[in-house]
Amino acid sequence: MVFDLTEEQRMIQEMTRNFAQKEVLPKAAELDETGRFPEELVRQMAELGLMGVAVPEGYGGAGMDNICYAIAMEEISRACASTAVILSVNNSLACDPILKFGSEEQKKKVLVPLASGRHLGCFGLTEPGAGSDAGSQKTTAVRNGDHYVVNGTKNFITNAPQADTCILFTMTDKEKKHKGITSFILDMKTDGVTVGKNEKKMGITASATASIILEDVRIPVENRLANEGDGFKVAMHTLDGGRIGIASQAIGIARASLEDALAYAKERKQFGQPIANFQAIQWMLADMATEIDAARLLTYRAAWLKDRNVRHSKESSMAKLYASEAAMRASVKGIQIHGGYGYIKEYPAERHFRDAKITEIYEGTSEIQRLVIASALLKD
Amino acid sequence: MRFEASEEQAQIRDMVRSLARKEFAPKAAQIDEEGRYPEENLKRLAELGLLGMLVPASHGGSETGTVAYAIALAEVAGGCASTAVGMAVTNMVGEGIHRFGSEEQRSRFLPALASGTVTGAFALTEPSAGSDAFGISTVALRDGDAYVLNGSKVFITNGSRAGVTIVMAVTEKEPKKRISAFLVLPGMPGFSVGKPEHKMGLKGSDTVSLSFGDCRVPKRNLLGAEGEGFPIAMTILDGGRIGIASQSVGIARAALDAATSYARERRQFGEPIASFQAIQGMLADSATELDAAELLALRAAYRKDAGAPFTREASVAKVFASEAAYRACHRSVQIFGGYGYIREYPVERHLRDIKVTSIYEGTSEIQRIIIARNLLGQGRR
Ligand SMILES: Cc1cc2nc3c(=O)[nH]c(=O)nc-3n(C[C@H](O)[C@H](O)[C@H](O)COP(=O)(O)OP(=O)(O)OC[C@H]3O[C@@H](n4cnc5c(N)ncnc54)[C@H](O)[C@@H]3O)c2cc1C
Ligand SMILES: Cc1cc2nc3c(=O)[nH]c(=O)nc-3n(C[C@H](O)[C@H](O)[C@H](O)COP(=O)(O)OP(=O)(O)OC[C@H]3O[C@@H](n4cnc5c(N)ncnc54)[C@H](O)[C@@H]3O)c2cc1C
């Protein structure tokens, strides 16, 4: 076992930390307040090669490993969780499935602009009636000569209003249930594609979340991703990677809670001394730090396995489950340590809390992660 | 032991429940969204005698006792948490004036507070004295027939609307009796109200800073004896904590109710999500903890009504209820899945609203200190 970062991992950590502290953090409160899409930050991240961290350079990416990706996600999330999820969707949910399942032509045509950040991707799996039960897709795709005709509605799609490309999941054979699901690479400018209104959310407000309505949308056969019926496999594989990104997002938010609370506890005096002197505060800080370390190790392990092309569903789920719940615990402690000041918008603690909650929900709720872990245990 | 409400308590509960569900709940999202003070709700509460529940009938109150008050406050909180905290503070101020005020002060303020023509506020916290309430530095210097106040207060609920504010200030340097309580009225020269705080939740409640620049308060507005301010504040807060425990239970019950009906309706994997043990476990844990929280709050209220010591019981109720209620609200959001995270459903508001209950009127850490000192034989009893 080696617990040191490689040279490359250290470099990206330093680079993304600097960028996040200088460029992203100063804007985070404003982004939260206005819910504005951070276009300029996305552009800057593209310049730094962060839109396709683990995509080979030949396909427009930075050619790094998945631990580098986890590190970048953590650092950006430490500053702004909204900006980070834009990044994670592009890396994990748009680039990764094309890299793994796409044809050479698809990689050249679609992956290169996504990984280099010229285009932005989104991932259309969830539907009003198909959330945790992603296999019960109602969106249909019917083959008609050299194209498919797609009809249906996706909801809660991150990046939908800004995206150029969507990895779209549809039902091509209802009889076969989840084995009848087929995935596509959809150009968002295609006729018949409409994006609904941006949801008003509790947190990650600067990341757009909207529905996509598909009415007689014609998708050329060459834009099908993998074979007919492979869609569910594509989705699950993709989420195995995505959960590493969300785990890292959660760790970044937890770290923000801890670092802010730590600084506050050293400064804030009550009863004639810094509140950091009280065991009640020390215990909270200690628990936060311990859980963050555990979460990070679980996450790096999953990323390491992914780099080795080893099956890592269970490990990704463990990382995502533990990190998201640890982030929730850390962020509520962060508020508590700030006392009344934790409840007002002048301090970032309450934003970290509102942002943390989503990590327990998207890319599979905590309950779904536990099901994945338990079914892996029960299979062994 | 008897675990049922008296006839009067049950009547109050039914009346307030229907008021909160029919009139308050439907507007709560809009009040949150706009950060608007729910004036009309407070007016309704006043009409029904719910702003002077701890004030005797002789002074215009409804004199229902603390158990009924706790029950009513939980119901109001289930409809609109911002309305509930406004109600709690005005009741608390009425009780404080009733308990510690002179006859003249009682007749001057209590009928107005109980009838809702005047709103009450309680100003203890300062920028550098929150948990360490004894360490406040607003001063009140005696000058003839008045005290001259200088200093500032923060986070004062009802602060910009109050017709009377109980203000804690330092009168003496004598260590144990340094603080006195004053009744400060709007329009007193040198008294001004800051801008509203921008909060995570409880957005309809009025939270402002107050400042006093050579503010002259007539001596007849001294509440209780000079030097008695700290025990007065602590006694008022003991009662207040029963209110916050009840508010917590009310908010969390609303979240649990919403999650329960959602779990029955929402189908995934071909069945209602309520059929999954993961969901059942969350619902069951919330129900169990909220029952315990409610009983702790009502026990403290009962002891208070019976004239028994209740400091520890009030702190036990407050720390347990606020933390259990947080867990219940958190689980409710989780049960809603992605829909729990968006404004269209009420549970994200409940989660934002609930967090403050483990902070104000003494943080959880302070409650634990009070409970432990009490157990160790060091505290007030
Ligand atoms: C801000 C945001 C961004 C999102 N971004 C995307 C995106 O980019 N692309 C995309 O496709 N989706 C996205 N989603 C959707 C997200 O992945 C789903 O919300 C999530 O998978 C849960 O689905 P649901 O909301 O339908 O909840 P449901 O599946 O209805 O779940 C409700 C509750 O039931 C529980 N539950 C469900 N099934 C079981 C079971 N078998 N056993 C035990 N418990 C169960 C859940 O854990 C949850 O507690 C996003 C959601 C949000 C809120
Ligand atoms: C919405 C809202 C409404 C409010 N309404 C009112 C009101 O109407 N009137 C009023 O007077 N005040 C009001 N308050 C103020 C509230 O009571 C204080 O915020 C609270 O008492 C905590 O004080 P503080 O914010 O200064 O935190 P601090 O006292 O600075 O506490 C910071 C952290 O240190 C911990 N801590 C402090 N001392 C100790 C110790 N000895 N041991 C262990 N841990 C310790 C605390 O528990 C907390 O975690 C309100 C606050 C809010 C947010």
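Calculation rules
Residues numbered from 1 in each chain as written. Chains lettered and ligands numbered in written order. Predicted model: local features only at pLDDT ≥ 70, side-chain atom pairs only at ≥ 80, totals over all residues. Heavy atoms only, no water. Near = heavy atom within 4 Å. Polar contact = N/O pair within 3.5 Å; in protein donor to acceptor, adjacent residues only side chain to side chain. Areas by Shrake-Rupley, 256 points an atom, 1.4 Å probe, with all protein chains shown as cover. Helix = DSSP H or I, 4+ residues; strand = E, 2+ residues; numbered from the N terminus. Core = buried A, V, L, I, M, F, W, Y, C linked by side-chain atoms within 4.5 Å. Buried < 20%, exposed > 50% of the residue type's maximum accessible area, 1.4 Å probe, protein only. Contact = heavy atoms within 4.5 Å. Pairing = 2+ DSSP bridges.

Draft legend 1. Examining the site of ligand 2 more closely. If you check the shell around ligand 2, you find 29 residues, and the closest are A:R268, A:Q336, B:S131, B:F155 and B:T363. Near ligand 2, the surrounding residues belong to chains A and B. B:F155 places a polar main-chain atom, nitrogen or oxygen, 2.7 Å from a nitrogen atom of ligand 2. The separation between an oxygen atom of ligand 2 and a polar side-chain atom of B:T363 is 2.6 Å. Isolated, ligand 2 exposes 970 Å² of accessible area, and the fraction of that covered by the protein chains is 95%. For the shell around ligand 2, the elements supplying multiple residues, two or more each, are α7 (279-307) and α8 (313-338) of chain A together with β1 (120-123), β3 (146-157) and α10 (364-375) of chain B. If you tally residues by element for the shell around ligand 2, the top one is β3(B), at 3 residues.

Draft legend 2. Spatial organisation of the nonpolar core. Among the nonpolar cores identified, the biggest contains 151 residues, and B:M87, B:I97, B:F122, B:I166 and B:M168 are the most heavily contacted of them. The element best represented in this core is helix α6 (residues 229-265) of chain B, accounting for 14 residues. Beyond its immediate sequence surroundings of up to four residues, B:M87 is in contact with B:L42, B:L45, B:L50, B:L51, B:M53, B:Y69, B:A72, B:L73 and B:V76. Among the nonpolar cores identified, the runner-up in size contains 33 residues, and A:L41, A:C68, A:C80 and A:Y300 belong to it.

Draft legend 3. Inspection of the pairing of strand β5 (residues 181-187) of chain A at higher detail. Residue and element names in this part refer to chain A. When you tally the buried positions in β5, you get 6 out of 7 residues, the bulk of the element. Relative to β5, strand β4 (residues 165-171) runs antiparallel, the two being bridged by 7 bridges. The residue bridging I167 from the neighbouring strand is I185, located in β5. When β5 meets strand β8 (residues 224-225), the two strands line up antiparallel, connected through 2 bridges. For F184, the partnering residue across the bridge sits in β8 and is R224.

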